[in-house]
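An overview of the molecular structure
The chain contents come next:
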Amino acid sequence: MTENGDATPLVQLENVNKHFGALHVLKNINLTVSRGEVLVVIGPSGGGKSTLCRAINRLETIDDGKIIFDGQVLPAEGKALARLRSEVGMVFQSFNLFAHKTIRENVTLGPTKVRGVAKDAADKRAMELLERVGIAAQADKYPAQLSGGQQQRVAIARALAMDPKMILFDEPTSALDPEMVQEVLDVMIGLARDGMTMMVVTHEMGFARRAANRVVFMADGQIVEENTPDEFFTNAQTDRARDFLSKILTH
Amino acid sequence: MDELIKYAPELALGFWENVKLSLVGVVASLILGTILVAMRVSPTPVLRAAGTVYVNVIRNTPLTLVLAFSALGLSDQLGLVFSEMPTTNSFWIVAMGLSAYTSAFVCEALRAGVNTVPLGQAEAARAIGLTFIQSLTMIILPQAFRAVIAPLGSVMIAMIKNTTVATAGGFLLDAAATMKEVFDTTGASIPIFLGLVVAFMALTLPIGFLTGWLARRLAVVR
């Protein structure tokens, strides 16, 4: 699974805690993500999955504990933090494409402004990526002219354009109409096959089964269980996980 | 009607001063207002506080006092001199005071615009590694500007009309001051009065139409 044979984990969380006021959303989280690994985080709403995902590129700050990315503790702010974020792709539930920019500009903005890539080269790469996610024909449209599924695939291309070491997916299909879910999942499965390190917060159990190396089950701010998808779905160890699975898998 | 024709050249020269003040005011207040809004939404508490204090003090002070302070306080007392020529100096003093005043309103209009931009836009900008300044100038402000073009037009119209209180800053060549001077010798004249109204409307009405049209044309579709 590892791309470059480097044995150190890409992401390490050590005793991470986070509160929203009185609510303890992350309780003493310890977790590692290896290079090339596809980690799926599932669990009931409000269990801290999104917060965990967003903490890794510091869109959420943490109260205590340590998050280490690629051997370095997450910088608190400034240029160092911007550099870290440029190495971690993020795909949001609500796409968040830049509304006043075309699809092509959405994909080239990061490489040209953050990495200093020449416009021609960035354009060429953007078209390759848009081709890969199947949106090349819409490159000069604006986000609002695309369907949700298309927008989310552009968002994946935008993340890929930065050549990230990892991509975080925060419920990437939850805001989509049902018939558009698969086109996004197909792109994600392709990325997983190509060895991209991914952390995916999702309710798509089919994706977890097909693409994940490991499933983490989170509830009430804690990691309750982690296992391979096969083991987790057929032989969950905890009552909490069995209860959750029985509610979503019975029909 | 005869008075209007007789004094038209003088009045036109005066009005030209209002036009020049307006031009400087539009450019300077938009730049200054943008800097102020950047301060007010910045993550640095000191900048935020400074922006807030500036906007609230200036916005709640009558323009005549701002202009009088610029002339008497900054220029006479503190020695801020733009030119040896008294009329040129007072022109720039008034232009400065007017821009300083209008920039507070520009800032607040823009801040309303910033609030129309969904939080996810800023998060996505940060997530690809843009710095605060980059995400502000490339993502947030361009969308904020488009959202408040029409209200900014109103701020600009108010500013153009405000050029007629330039006298308060010691600048006596503008159209209103010229009109008053003419009235002092000829007595009040309705045609002159209406003539100036028309002149100002010729300046402000197109701005209203233009900004309304631009607001529709450039609206960000979500």
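Residues numbered from 1 in each chain as written. Chains lettered and ligands numbered in written order. Predicted model: local features only at pLDDT ≥ 70, side-chain atom pairs only at ≥ 80, totals over all residues. Heavy atoms only, no water.

1. A look at the overall build of chain B
- When helices and strands are counted, chain B shows 9 helices and 0 strands.
- Its helices and strands taken in sequence order, chain B reads α-α-α-α-α-α-α-α-α from the N to the C terminus.
- Dimensions of chain B along its principal axes, counting C-alpha atoms only, are 70 × 45 × 25 Å.
- Going through the 222 residues of chain B one by one, you find that 45% of them count as buried.
- A separation of at least 24 residues holds for 78% of the contacts in chain B among residues at least 6 apart in sequence.
- Within the structure as shown, chain B displays about 11000 Å² of accessible surface, and the carbon and sulfur contribution to it stands at 72%. (Helix = DSSP H or I, 4+ residues; strand = E, 2+ residues; numbered from the N terminus. Buried < 20%, exposed > 50% of the residue type's maximum accessible area, 1.4 Å probe, protein only. Contact = heavy atoms within 4.5 Å. Areas by Shrake-Rupley, 256 points an atom, 1.4 Å probe, with all protein chains shown as cover.)

2. Quick look at the nonpolar core
- Formed by 85 residues in total, the largest nonpolar core has its most connected members in Leu 13 and Met 199 of chain A.
- No other element matches the 11 residues that helix α4 (residues 86-116) of chain B contributes to this core.
- If we ignore the near neighbours within four places in the chain, the residues touching Met 199 of chain A are Leu 31, Val 33, Leu 39, Val 41, Leu 52, Cys 53, Ile 56, Met 166, Ile 167, Leu 168 and Phe 169 of chain A.
- Ranked by size, the runner-up nonpolar core spans 52 residues in total, among them Val 91, Val 184, Val 187 and Leu 245 of chain A. (Core = buried A, V, L, I, M, F, W, Y, C linked by side-chain atoms within 4.5 Å.)

3. Brief notes about unusual backbone geometry
Residues and elements named next belong to chain A.
- For Asn 28, which is not glycine, the phi dihedral falls at a positive 50°.
- Relative to the helices and strands, Asn 28 is located in strand β2 (residues 23-33).
- Unusually for a residue other than glycine, Asp 163 sits at a positive phi of about 45°.
- Position of Asp 163 among the secondary structure elements: in the loop between α5 (148-160) and β7 (166-170).
- Asp 163 sits in the exposed class, given a relative accessible area of 51%.

4. Points about the packing of helix α3 (residues 63-77) of chain B against α4 of chain B
Residues and elements named next belong to chain B.
- Contact pair α3 / α4: the axes reach a minimum separation of 9 Å and the direction vectors enclose 130°. Taken together, the axes of α3 and α4 are oblique relative to one another. The crossing of α3 and α4 is right-handed. Along its contact with α3, which presents Leu 63, Val 66, Leu 67, Ser 70, Ala 71, Leu 74 and Ser 75, the element α4 presents Asn 89, Ile 93, Val 94, Met 96, Gly 97, Leu 98 and Tyr 101.
- Taken together, the residues of the contact of α3 with α4 sort by class into 10 nonpolar, 4 polar and no charged. (Axes fitted to C-alpha atoms, helices over the stretch in contact; angles between N-to-C directions. Parallel < 35°, antiparallel > 145°, perpendicular 65-115°, else oblique. Left-handed = near helix turned anticlockwise from the far one by under 90°. Nonpolar A, V, L, I, M, F, W, Y, C, P; charged D, E, K, R; others polar.)

5. Structural notes on helix α9 (residues 190-218) of chain B
Residue and element names in this part refer to chain B.
- Along its 29 residues, α9 runs 41 Å from first to last C-alpha, staying within 8% of the 42 Å computed at 1.5 Å per residue.
- Along its length, α9 reaches its greatest deviation from straightness, about 30°, at Ala 202, and the proline Pro 206 lies no more than four positions downstream.
- Residues of α9 that are buried: Ile 192, Leu 196, Ala 199, Phe 200, Thr 204, Thr 211 and Ala 215.
- The N-terminus of α9 is capped by Ser 189, whose side-chain oxygen sits 3.2 Å from the backbone nitrogen of Ile 192. (Expected span 1.5 Å × (residues − 1). Bend = angle between axes of the 7 residues up to and from the residue. Polar contact = N/O pair within 3.5 Å; in protein donor to acceptor, adjacent residues only side chain to side chain.)

6. Re the layout of surface pockets
- Reported here for the largest pocket is a volume of approximately 850 Å³.
- Lining of the largest pocket is provided by 34 residues; of these, Pro 43, Arg 126, Thr 131, Phe 132 and Ser 135 of chain B occupy positions nearest its centre.
- At the level of secondary structure, the elements contributing two or more residues to the lining of the largest pocket comprise α2 (78-87) of chain A together with α1 (2-40), α4, α5 (119-127) and α6 (132-147) of chain B.
- Per-class residue counts for the lining of the largest pocket are 20 nonpolar, 7 polar and 7 charged.
- In this structure, the second largest pocket spans a volume of roughly 200 Å³.
- In this structure, the second largest pocket is lined by Val 26, Leu 30, Phe 145, Ile 149, Leu 152, Gly 153, Met 156, Ile 207, Leu 210 and Thr 211 of chain B.
- Contributing elements (two or more residues each) for the lining of the second largest pocket: α1, α7 (149-162) and α9 of chain B.
- In terms of residue count, the dominant contributor to the lining of the second largest pocket is α7 of chain B (4 residues).
- For the lining of the second largest pocket, the residue count by class is 8 nonpolar, 2 polar and no charged. (1 Å grid on protein atoms, 1.4 Å probe; cavity = no way out; pocket = protein on both sides within 12 Å on 5 of 7 lines; lining within 4 Å. Points joined across faces, edges and corners; volume = space filled by probe spheres on them.)

7. A short note on the sheet that holds strand β3 (residues 38-42) of chain A
All names here are of chain A.
- Across the sheet, which stays open at both edges, the 6 strands sit in the order β6-β7-β8-β3-β9-β10 with mixed pairing between neighbours. The open sheet terminates on both sides in strands that have one partner only, identified here as β6 (88-91) and β10 (222-227). In this sheet, neighbouring strand axes are inclined to one another by 20° on average, regardless of whether the strands run parallel or antiparallel.
- Pairing of β3 with strand β9 (residues 214-219) involves 4 bridges; the strand directions are parallel. The residue bridging Leu 39 from the neighbouring strand is Arg 214, located in β9. (Pairing = 2+ DSSP bridges.)

8. Examining the pattern of salt bridges
- In the structure shown here, the tally under the stated rule is 20 salt bridges over all chains.
- A salt bridge links Asp 239 of chain A to Arg 242 of chain A; the shortest N-O distance between them is 2.6 Å. In this pair, Asp 239 of chain A and Arg 242 of chain A are both assigned in helix α9 (residues 239-249), 3 residues apart and thus about one turn of the helix distant.
- Salt bridges sharing common partners tie together Lys 18, Arg 54 and Glu 60 of chain A together with Glu 123 of chain B. (Salt bridge = Lys/Arg side-chain N within 4 Å of Asp/Glu carboxyl O.)

9. Looking at empty space enclosed by the protein
- All told, the structure shown has 1 cavity of 30 Å³ or more when counted by the stated rule.
- In this structure, the largest cavity encloses a volume near 40 Å³.
- Mapped onto the lining of the largest cavity, the elements with two or more residues apiece are α5 of chain A together with α5 of chain B.
- Take the lining of the largest cavity: its biggest share by element is 3 residues, from α5 of chain A.
- For the lining of the largest cavity, a count of residues per class yields 7 nonpolar, no polar and 1 charged.

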